[in-house]
Every structure is written in C-alpha cells, then in structure tokens.
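Here is what each chain is made of, one letter per residue.
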Amino acid sequence: MHVTLSVWQALLIAIWVALVESRILGFATLTMRFSPLMTGMMVGIIMGDLKSAMIVTAAIQLVYMGFVAPGGALPAEPAIATAIAVPVALLGHMSPQGAIAIAVPVGLLGSYLYQFRFFLNTFALKPMDKFAAEGNARGLRLSIMGIPTIISFLLFIPLIFIALYFGAPVISGVVSNITHGTVIHVLNSVGGGLAALGIAVIMQVIGKQKLLPFFFLAYFMSVAFAKLQINMTIYAIFGTIFAILYVMFTSNRASDKA
Amino acid sequence: MSEINQAAQSDVESQTDEPKRIPQPDKITNKDLMKSWFGWWWANEVNHTFDRMLAPAFCFGLIPALKKLYKDHDELAKAFQRHLLFFNTQATWGGGTLTGVTISLEEARAKAMANGEQPISEDMINNTKVGLMGPLAGIGDSIDSGTVQYIFIAIFLPFAQKGNFLGALLPFLCFAIATFTYGYYFTKLGYSLGRAAAKEIMTGGRMAGIIDGLGVLGLYMMGILAGQYINIKSYFKFTINDKTFDIQQILNTILPGILPLTAVLLLYLYFQKQGLKITRGLLYLTGALILLSIFYII
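Everything quoted here is computed from the prediction, not taken from an experiment. (Residues numbered from 1 in each chain as written. Chains lettered and ligands numbered in written order. Predicted model: local features only at pLDDT ≥ 70, side-chain atom pairs only at ≥ 80, totals over all residues.)

K.L.:
How should the overall build of chain A be read in this particular structure?
P.N.:
The helix and strand tally for chain A stands at 13 helices and zero strands. What you see in chain A, going N to C, is helices and strands ordered as α-α-α-α-α-α-α-α-α-α-α-α-α. For chain A, the proportion of its 258 residues judged to be buried stands at 48%. Sequence-distant contacts, at least 24 apart, represent 73% of the contacts inside chain A between residues at least 6 apart. (Helix = DSSP H or I, 4+ residues; strand = E, 2+ residues; numbered from the N terminus. Buried ≥ 20, exposed ≤ 12 C-beta atoms within 10 Å, placed from the backbone. Contact = placed C-beta atoms within 7 Å.)

K.L.:
Please clarify how the nonpolar core should be interpreted in this entry.
P.N.:
The tendency in soluble globular proteins is for nonpolar side chains to be buried side by side. One finds V17, A85, A99 and A196 of chain A to be the most contacted residues of the largest nonpolar core, which totals 172 residues. No other element matches helix α6 (residues 122-161) of chain B, which puts 13 residues into this core. If sequence neighbours within four positions are ignored, A99 of chain A has contacts with V56, A59, I60, A85, V86, V88, A89 and M94 of chain A. (Core = buried A, V, L, I, M, F, W, Y, C linked by C-beta atoms within 7 Å.)

K.L.:
Even after reading the chapter, I still don't get the pairing of strand β2 (residues 243-246) of chain B, so can you show me in this structure?
P.N.:
In the case of a regular strand, side chains alternate between the two sheet surfaces. All names here are of chain B. Inspection of the sheet shows strand β1 (residues 237-240) paired to β2 by four bridges, in the antiparallel sense. Note on β2: the bridge partner recorded for K237 is D246. Here β1 folds back onto β2, and the loop between the two strands holds two residues, one of which, N241, carries a positive phi near 50°. (Pairing = 2+ DSSP bridges.)

K.L.:
Is there a simple way to think about the interface of chain A and chain B in this case?
P.N.:
You'll often see interface size given as the accessible area lost when the parts meet. Listed as interface residues are 99 residues of chain A and, on the opposing side, 105 residues of chain B. Here the side of chain A that touches chain B gets 13 residues from one element, more than from any other, and that element is helix α13 (residues 232-257) of chain A. In terms of residue class, the side of chain A that touches chain B is built from 59 nonpolar, 32 polar and eight charged. (Nonpolar A, V, L, I, M, F, W, Y, C, P; charged D, E, K, R; others polar.)

K.L.:
In this structure, what is going on with the packing of helix α4 (residues 50-63) of chain A against α6 of chain B? I would like to understand it.
P.N.:
A pair of packed helices can be characterised by two numbers: the angle between their axes and the separation between those axes. Contact geometry for α4 of chain A and α6 of chain B: axes closest at 8 Å, N-to-C directions at 145°. Along this stretch, α4 of chain A crosses α6 of chain B, giving a crossing that reads as left-handed. Contacts from M54, I55, T57, A58 and Q61 of chain A in α4 of chain A reach I153, L157, A160 and Q161 of chain B in α6 of chain B. Counted by class, the contact of α4 of chain A with α6 of chain B contains six nonpolar, three polar and no charged residues. (Axes fitted to C-alpha atoms, helices over the stretch in contact; angles between N-to-C directions. Left-handed = near helix turned anticlockwise from the far one by under 90°.)

K.L.:
Help me out: how do you make sense of the domain arrangement of chain B in this one?
P.N.:
Annotation of chain B at the domain level lists domain 1 (2-222) and domain 2 (232-294). Each of domain 1 of chain B and domain 2 of chain B has a C-alpha centre, and these two points are 33 Å apart. (Domains from an automatic or database assignment.)

K.L.:
Could you clarify how one ought to interpret unusual backbone geometry in this entry?
P.N.:
Excluding glycine, most residues fall at negative phi; most peptide bonds, likewise, are trans. Residue and element names in this part refer to chain B. Phi at N241 is positive, roughly 50°, even though this residue is not glycine. On the secondary structure map, N241 appears in the loop between β1 and β2. Residue N241 is classed as exposed on the basis of its C-beta count, with 4 C-beta atoms lying within 10 Å. Its identity as a non-glycine residue notwithstanding, D242 has a phi of 70°, on the positive side. Relative to the elements of secondary structure, D242 occurs in the loop between β1 and β2.

This is the structure:
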C-alpha cells in the first residue's frame, strides 16, 4: 500500500490542523474541531479529490456524531483524526470503514495533544501577568493571542507533517503502544490535578473565610451525588437558594439587634 | 515576578476599596460592546490553560472597554489583573452574557470612582462572574455544541455523503453565523441587565448583603467545580502476606474525594500564608503531580 503525500500536501494539511487546533480563527473553530467535515473538505481540496474526501469524511462524522465537551475536554480530536485518516484512505483506496479504524486511535492521541497545548500555554502567562500589572494593553493583547498561537503551530505542524509524510498507520501503531505507558499516565495525572490551582485562586479572591463552609457543602454534595450526574444548572439553583437564605437570615439578625 | 505578586496581593488586600478619584470614564456604546464580544469570541480558546482556563480571552475581550472606563493607569492595570485570574464558561450563553454584565459593573465602578462615591467593589465584580459562569456554561454547552451544532450537521450531512463539499461548508457557516449573532445579543442583554442591577445595588444600600450572597454562590460553585473537574486518585497498591492494599479503596472508605480536596486546601493555605503567588503555586503543584504520578502514587 502506497501511503505518502507530497511534501507540500502534507505541510498544507498540517498548517490547516494547526489553524483549527490553535483556535486562532475564533470560537467557530469549535465545530471545526468537534466535527470532521471542514477538515475533510480541506484535505479533499489539497489532494484534488474533493468528492471521495467528502464521502469518507461523512462516514467519520457518523462516528463522532453527538460529541460534546463539557468543561472544554473532548475525549478525542475528530479534526486531527480526519487529517490523518482521509489522506490514508484516499491514497490507499480504502473503504470509509477502514478510514474509521485509523481515525479512532489517532483521534485519541489528538486529545492528549490538545491537552498538552493547555499545559504549554502556561508559558504565556508570565509575560501576560507582567503586561497586565504594567497596564500595557498592547503587550497584554500580544501575549494573550501571539504566544499561544506560536506554541500551537510549533506543536501541531511538525507532528501532523511527520505523521502524514511518513505514514499514518505507523502513528496509529505508536498510539496503541503508549496509551498505557508512564508518559500518558503522568500527563493524565497532571491534567487532572491542575484545576485545583484555579479553584484555590478564586477561593482566595472571594476572600471570605467565614463563608468557606459553603465550599465544603458544595464539594461533598458533588462527591456524594456524582453518580446522579446532576446538571450544573441544578447545582447553580441550589447555590442561589443557599445564597438567598444566607442573606435573608443574616440580615434578619442585624435588624433584630437594631 | 515579585512585582506581579505584590500587585496581585494588594489586589486582594484592598477589598475595602477606599474611594479614589479617577477621571470620568467615556460612555460605553453598542460599538464597544461589539468590540468586546468580538474580542472574547476571537480569543476564546486560544490561551486556554489548566490553571486560568479562559480568563485570558475574557480579559482580551474587555481590554477596549476597560481602556475607555479607566483613564487612571493604576486602576486600568488592576482591572486587567482581576480579569486574568480564573474564568471558564461557554462562549455565547456564558461568555457573551458575562462580557455584557462585567462591562456594566466596571462602568458603574468607574463612574462612582470618578464622582467620589462608594464604588462597586472588585469582590462584587469577581463574585458575579464566578457565580454565573458555571450555570451559564451548563446551559450553553448543551445548546450550542450539543444541539445547534448537530442540527446543522444533520441537515447537511446527506450532501457530504454524496460527495458534495457544501455538506461541510454550510453547517460550519450556519453555526458560525448563528452563534456569533445570538452571542452578541446576549452581550447587549447582559449589559442592560447589569446596568439595572448596578443601579439597584448602588442606591439600595444593600451592598454588604449582596456581596456576601454572591460570595456564598461563588464559593458554592467552586465546591461543585472542585468535585467535578479535579481528578486526583491514588493508584498505589501493595501486598503484605498475600493481602493487597489498595490505597484509593482505603481512602474511599475513610472519606471519598479526599485527595482533590487536600490539593485545593493545601493551595488555599499556601496562598493564605504566602500571598497570591499564582506562578509559584503552579510550579509546586505541577512538580508534586509529576513526582507522585511517575511513581504511580497518584
């Protein structure tokens, strides 16, 4: 099976993936990430076979139908999966089903890449905080948009290019070998634990120690009711009710004294 | 770095907000709301990190509005800093609405400071954002990425199956135009709702009660987020005399969810003692997580 692209084709597809995954094209890239369709179309244009590319992409879309990312984490990256699977399918004259078999493991690896991006973005925070403290709007804008974009391009372009140029099946083999390795375990653990920081910062910013019991109440409610999969809106309604009750009772006490 | 930390710390300390005179802010127009909404929409996920989430994008959107409101350099820097802390929500329902609400609150704060009145406190602004971001995200995620997106995909998928590129282009364009349009509507809605609320707060004399109430809601939502987002569990197992001890199972019998809670509380206490040194907190936490996970303790 002949599975190579020209250097230019591989590079253009890699740049497209970097544009989508860096999110530099705005919020609407959400649907470019969640859905394989736009990536499939671009691959079709780059490879000069739009019709077959769309047919293969439509089959991949059915696999990823209904994908949503609560809190921003997607269990797979359909766009990356498509960027690898569609060229392989077109060059190898594979069936759409064969393309799906390649897409699924690559998509899984893609989700680690996307999360690794969150980690690398941390490097943009230091200059960002510096410019904010200086009240430098220009520098702040640049550090918020420029640095993460460069990071994403350096991360995605070489990887996707190598994967395409040297053959996607190799990549899907590598994926299944390392998904159980220590590297992935460490990445998962760090990714799973880092949210603690942002939450601790906000608790500090809210700054009312006497109200901390409400944090514990909520925490143990969410742990205890985890299996019930209670919707965020319901929790927010609970929180609002607690807030109203708190204000009601404390203001009553104040007016009693007066 | 020490400069940032000092600034961040003074941010936390100056919660009493002694009135300070600043120049009169410029009027916020629909054009400014569009600029801020577009800024948030564009930057949305670009600078996504684990510890700040989408705060940089939120701040990016507010920059033009804040520049019109705070002609005082120090106040502008403080406003930039408070919107970089931690923020995570959905783009249109959450981010659009909160962009509008936040601009209206910042406007009320800047006006009060210019007139020498008691301004809306930074806490108030922070707690409003934090209290509302979770619930709005819950609504927005299920509507935008869960429903609207797939309605368009489902309508046009037959085109793609026949090999027509419109099956890809049309769902994307429809989704982009629809979400951009109603997100801007939410921004304007949030702005007018926030203005009404700000007026009520300023004249009603119930500021302390409202700040406490928002503090309750904010801390409550943080508790929920901590329970749902932080994923730390122990993989440590050892065997003595053929009996295997699974640490996570033992922890579950003592107190489920103890590890994520410990992580948050340690960081909270660290900030309490050392001031809000976010960057160092991040380094320590990452180091600890890497060390513990390399040895499969977590």
